[in-house]
Amino acid sequence: MSIDSNYLLAGGMDGSHHVLDLSSFSVLQSFQDHKKYVVRARWSPDGTSYATASYDKSVCFYKSEQDKGEFRLQRRLEFAQNVEALDFTKDSKTLIVAVREDNYLNFVDLSSFNVLPTSSSASS
């Protein structure tokens with residue numbers, strides 16, 4: 001659920017995910033950016049962005065276009081194995097990604113999309 005409790009992210013088995021408006025019970029946006037099912041979807045603490053993780057070994061990062069009130073895909077990151085977990089730091093500037101069979105957490109700097117050198121399993 002978003003920070004203002006108005007929106008919900010729902011991932012699908014077909015690789016899709018949806019942004020739902022809880023006040024009107026309607027689908028605001030739908031995306032098909034993954035090839036396998038979406039296993040995680042997480043809002044940033046500041047509510048301006050979110051990320052999805054899939055068993056297609058990728059993470060997609062979406063940001064709000066404030067003038068339009070819609071979200072757009074900003075970047076897709078590929079990893080060596082399936083992504084098992086993701087979360088944002090409190091300041092919403094870094095995405096933390098846990099990858100199967102990787103002994104490290106991957107820290108993605110969201111200003112540059114560089115993976116900080118705790119692991120070398122991601123490429124942008």
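See the structure shown above.
No experiment lies behind these values; they were computed from the predicted model shown.

Definitions and limits used
- Residues numbered from 1 in each chain as written.
- Predicted model: local features only at pLDDT ≥ 70, side-chain atom pairs only at ≥ 80, totals over all residues.
- Heavy atoms only, no water.
- Helix = DSSP H or I, 4+ residues; strand = E, 2+ residues; numbered from the N terminus.
- Buried < 20%, exposed > 50% of the residue type's maximum accessible area, 1.4 Å probe, protein only.
- Contact = heavy atoms within 4.5 Å.
- Core = buried A, V, L, I, M, F, W, Y, C linked by side-chain atoms within 4.5 Å.
- Pairing = 2+ DSSP bridges.
- Salt bridge = Lys/Arg side-chain N within 4 Å of Asp/Glu carboxyl O.
- Axes fitted to C-alpha atoms, helices over the stretch in contact; angles between N-to-C directions.

J.: Can you lay out the overall build of the protein for me, pointing to particular residues and giving the numbers?
T.: Check the secondary structure of the protein and you find zero helices and twelve strands. Listing every helix and strand of the protein by position from the N terminus yields β-β-β-β-β-β-β-β-β-β-β-β. Put simply, the protein has 124 residues, and 39% of those count as buried. For the protein, long-range pairs separated by at least 24 residues make up 31% of all intrachain contacts whose partners lie at least 6 apart in sequence.

J.: With reference to specific residues and values, describe the nonpolar core.
T.: Core analysis: the largest hydrophobic core is formed by 17 residues, its most contacted members being Val59, Phe79, Leu95, Val97, Val108 and Leu110. Elements with a minimum of two residues in this core: strand E5 (49-54), strand E6 (58-65), strand E7 (70-79), strand E8 (83-88) and strand E9 (94-99). Excluding its chain neighbours within four sequence positions, the residues that come into contact with valine 97 are Val59, Phe79, Val83, Ala85, Leu86, Tyr104, Leu105, Asn106 and Val108. If you look at the next biggest cluster of nonpolar residues, it comprises eight residues, including Val19, Phe31, Tyr50 and Tyr62.

J.: Which residues make up the sheet that holds strand E11 (residues 114-115), and what values go with them?
T.: Pairing is antiparallel in the open sheet, where four strands are placed in the order E8-E9-E10-E11. Of all strands in the sheet, those with a lone pairing partner are E8 and E11, marking the two edges.

J.: Describe the pattern of salt bridges, listing the residues and the values that go with them.
T.: In the structure shown here, the tally under the stated rule is six salt bridges. The salt bridge involving arginine 42 is made with aspartate 87; its shortest N-O contact spans 3.7 Å. Separated by 45 residues along the polypeptide, arginine 42 in strand E4 (residues 38-43) and aspartate 87 in strand E8 bring together distant segments of the chain. By relative accessible area, which is 37% here, arginine 42 ends up partly exposed. By relative accessible area, which is 36% here, aspartate 87 ends up partly exposed. Where salt bridges share partners, they join Asp56, Arg76 and Glu78 into one cluster.

J.: For the side chain of threonine 94, give the residues involved together with the corresponding values.
T.: Residue position: threonine 94 is located in strand E9. Beyond its immediate chain neighbours, meaning those up to four positions away, threonine 94 contacts Asp87, Phe88, Thr89, Phe107, Val108 and Leu110.

J.: Explain the sheet that holds strand E1 (residues 7-11) to me, using residue names and the numbers behind them.
T.: Read from one edge of the open sheet, three strands run E1-E2-E3, paired in antiparallel fashion. One side of each edge strand has no neighbouring strand; the edge strands of this open sheet are E1 and strand E3 (26-31). Sheet twist, expressed as the average angle between the axes of neighbouring strands with direction ignored, equals 25°. The sheet contact formed by E1 and strand E2 (residues 17-21) spans five bridges and is antiparallel. Looking at E2, one finds that glycine 11 is bridged to histidine 17.

In short, the description is geometric, and any link to function would need to be established separately.
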